[in-house]
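A structural walkthrough
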Amino acid sequence: MSNQRRILIIGAHPDDCEFTAAGTAALWAQHGDKVCFVSVSNGDAGHHEMGGGRLAQRRHAEALAAAAVIGIEYVILDNHDGAILPSLEIRHQLIDLIRTYQPDLILSPRPNDYHPDHRYTAQLIQDAAYMVTVPNVRAGVPNLMYNPVIAYVSDTFQKPTPFAPDVVVAIDTTVDAKVAMLDCHVSQVYEWLPWNGSYLDQVPLNASERHTWLRTRLEQRLQRDAHSYRHKLIASYGVVRGATIRYAEAFEGCEYGSPLDAAAIARLFPFVSA
Ligand SMILES: [Zn+2]
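The paragraphs below set out a description of the structure included in this document. (Residues numbered from 1 in each chain as written. Predicted model: local features only at pLDDT ≥ 70, side-chain atom pairs only at ≥ 80, totals over all residues. Heavy atoms only, no water.)

Here we look at the overall build of the protein chain
Heads up, the condition is: Strands here mean DSSP runs of E at least two residues long; helices mean DSSP runs of H or I at least four residues long; both are numbered from the N terminus. Taken over C-alpha atoms, the radius of gyration is set against a globule rule of 2.2 Å times the number of residues to the power 0.38. Type-normalised accessible area, obtained with a 1.4 Å probe on protein chains alone, sets the label of each residue: buried when under 20%, exposed when over 50%, and partly exposed for intermediate values. We call two residues contacting when some pair of their heavy atoms lies within 4.5 Å. Exposure was quantified through the Shrake-Rupley algorithm and a 1.4 Å probe, taking into account, for residues, occlusion by the shown protein chains and nothing else.
Within the protein chain one finds 10 helices and 7 strands. Its C-alpha atoms give the protein chain a radius of gyration of 18 Å, near enough to 19 Å, the size a compact globule of 274 residues would have. In terms of its C-alpha atoms, the protein chain occupies a principal-axis envelope of roughly 55 × 50 × 40 Å. Going through the 274 residues of the protein chain one by one, you find that 53% of them count as buried. Look at the contacts in the protein chain between residues 6 or more apart in sequence, and 77% of them connect residues 24 or more apart. Here the protein chain displays about 12,500 Å² of accessible surface, and carbon together with sulfur accounts for 53% of that area.

Here you go:
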């Protein structure tokens with residue numbers, strides 16, 4: 001039996017998984033585990049100057065470049081961006097994908113989020129959970145004999161309940177890889193998001209200057225979970241190391257998967273220990 005873990009990280013858009021879990025993904029990849037990022041939409045609405053098939057193709061190439069940074073797979077489902085609904089059609093796409101990939105762990109957004117595509121992606125994952133074990137659903141793709149562990153990636157939304165992590169992962173050794181992966185999403189981090197946020201005039205034109213600018217801009221976000229969940233880092237990594245960790249990513253178990261209990265955390269996150 002192989003001890004290799006199989007991790008499926010699902011977001012709504014090409015770049016979502018990078019923002020929430022790339023540092024931890026890089027740790028799994030270094031550990032020899034299998035990681036696959038999934039985007040439920042093709043990203044064809046995420047720009048102010050281009051759209052449709054051309055944008056979807058551009059973002060597909062950006063995603064593959066990001067995946068190559070840490071040597072993982074990247075799957076983009078061909079659903080329109082800005083139009084994700086918790087439909088039976090997309091639920092079936094996810095059931096097939098989860099059954100085929102056979103993940104030990106699925107990472108998901110939480111169902112309360114500013115973006116409808118994020119909300120419905122979370123709903124779709126919960127709708128596919130358990131059903132992946134039912135043989136008469138999507139009978140053409142063999143069912144799983146287990147329900148994978150599902151965990152939420154962190155966010156700052158407070159209602160109806162704030163994010164409450166079960167595991168916090170130090171990513172100081174992989175934060176450079178996370179920034180390098182986000183740097184691949186040129187259409188997003190240097191074009192669409194700055195335009196949408198009214199700071200396009202701040203983006204440097206030169207590739208190395210803009211990489212530094214991106215890192216500086218992300219710094220607060222990259223440090224957020226380490227600051228917020230310091231007590232968890234100290235509990236997991238010990239007082240000395242836990243107190244000095246700068247960057248972290250955090251995950252909270254979802255009740256509709258198998259439980260993210262202490263045994264599951266030890267099995268799935270082998271790099272979280274003193
Ligand atoms: Zn997104």
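Notes on the side chain of Asp 117
Test applied: In this charge count, Lys and Arg are treated as positive and Asp and Glu as negative; neither His nor the chain ends contribute. Put simply, a salt bridge is a Lys or Arg side-chain nitrogen that is within 4 Å of an Asp or Glu carboxyl oxygen. Polar contact is the term for a pair of N or O atoms within 3.5 Å; when the atoms are in protein, one must be able to donate a hydrogen and the other to accept it, and sequence-neighboring residues count only if both atoms are side-chain atoms.
Inspection of the secondary structure assignment puts Asp 117 in helix α4 (residues 116-128). An unpaired buried charge is present at Asp 117: no salt bridge exists, and Arg 59, the closest side chain of opposite charge, is 8.3 Å distant. Polar side-chain contacts of Asp 117 include one of 2.6 Å to the backbone nitrogen of Gly 82.

Some thoughts on the coordination of the zinc ion
Quick reminder of the rule: With water omitted from the atoms examined, metal sites may look incomplete; donors here are N, O and S atoms no farther than 2.8 Å from the metal, or 3.2 Å in the case of Na, K and Ca. Sites are called tetrahedral only when four donors show all angles between 85 and 135 degrees, square planar or octahedral only when four or six donors show opposite pairs over 155 degrees and all other angles between 65 and 115, and irregular in any remaining case.
Within the first shell, the zinc ion binds the protein through His 13 (ND1), Asp 16 (OD), Asp 16 (OD) and His 118 (NE2), at distances of 2.1 to 2.6 Å. Coordination geometry of the zinc ion: the 4 donor atoms subtend angles of 54 to 125° at the metal centre, consistent with an arrangement described as irregular. Read in sequence order, the donor residues coordinating the zinc ion give the pattern H-x2-D-x101-H. Residue Asp 16 is located in helix α1 (residues 16-30), and its partner His 118 is located in helix α4; the two are separated by 102 residues in the primary sequence. Here Asp 16 and His 118 have matching classes, each one buried.

Topic: the environment of Ile 106
Here Ile 106 is to be found in strand β4 (residues 105-108). Note: C-alpha distance between Ile 106 and Ile 9 (97 residues apart in sequence) is 5.6 Å. Residue contacts for Ile 106: discarding those within four places in its chain leaves Leu 8, Ile 10, Ile 98, Ile 125, Pro 148, Val 149, Ile 150 and Ala 151.

A few points about the nonpolar core
Keep this limit in mind: To define a nonpolar core, start from buried Ala, Val, Leu, Ile, Met, Phe, Trp, Tyr and Cys residues and group those joined through side-chain atoms within 4.5 Å.
Among the nonpolar cores identified, the biggest contains 85 residues, and Ile 9, Phe 37, Val 169 and Phe 269 are the most heavily contacted of them. Here this core gets 8 residues from one element, more than from any other, and that element is α1. In this structure, Phe 37 is in contact with Ile 9, Cys 17, Glu 18, Ala 22, Ala 25, Ile 72, Glu 73, Tyr 74, Val 75 and Met 181, ignoring residues within four places of it in sequence.

Focus on helix α2 (residues 52-70)
Put simply, the rule is: Helix span, expected: 1.5 Å multiplied by one less than the number of residues in the helix.
Taking 1.5 Å as the rise per residue, α2 with 19 residues should run 27 Å; its terminal C-alpha atoms sit 28 Å apart, in good agreement. Tucked inside the fold, the buried residues of α2 contact α1, β3 (73-76), α5 (175-183) and α6 (186-196). Where α2 terminates, the next one or two residues include Gly 71, which has phi positive at roughly 70°.

A few points about the pattern of salt bridges
Close approach of charged atoms allows side chains of opposite charge to pair. By the definition in use, this model includes 13 salt bridges. Its salt-bridge partner being Arg 59, residue Asp 81 comes within 3.7 Å of it at the nearest N-O pair. In this pair, Asp 81 is assigned in the loop between β3 and α3 (88-101) and Arg 59 in helix α2, connecting sequence segments 22 residues apart. Across the pair, Arg 59 and Asp 81 agree in class, each one buried.

Considerations on a nonpolar patch on the surface
Here is the rule we go by: A residue counts toward a patch only above 30% relative accessible area and without a salt bridge, and it is joined to like-charged neighbours within 9 Å or, for Val, Leu, Ile, Met, Phe, Trp and Tyr, to nonpolar neighbours within 5 Å.
Taken together, the side chains of Ile 234, Val 239 and Val 240 make up a nonpolar region of the molecular surface, amounting to roughly 290 Å² of accessible area. On the secondary structure map, Val 240 appears in helix α9 (residues 239-244). Owing to a relative accessible area of 71%, Val 240 belongs among the exposed residues under this scheme.

Structural notes on the pairing of strand β1 (residues 6-11)
Put simply, the rule is: For two strands to count as paired, DSSP must find a minimum of two bridges between them. Throughout, right-handed denotes a crossover for which the path from the first strand over the helix to the second runs clockwise when the strands point away from the viewer.
Of all 6 residues in β1, 5 are buried; the element is thus mostly enclosed. Here β1 pairs with strand β2 (residues 34-39) via 6 bridges, running parallel. The partner of Ile 10 across the bridge, within β2, is Val 38. For the handedness criterion, the β-α-β arrangement of β1, α1 and β2 is classed as right-handed.

A few points about α4
The terminal C-alpha atoms of α4, which comprises 13 residues, lie 18 Å apart, in line with the 18 Å expected from a rise of 1.5 Å per residue. Within α4 the residues assigned to the buried category are Asp 117, His 118, Thr 121, Ala 122, Leu 124, Ile 125, Gln 126, Asp 127 and Ala 128.

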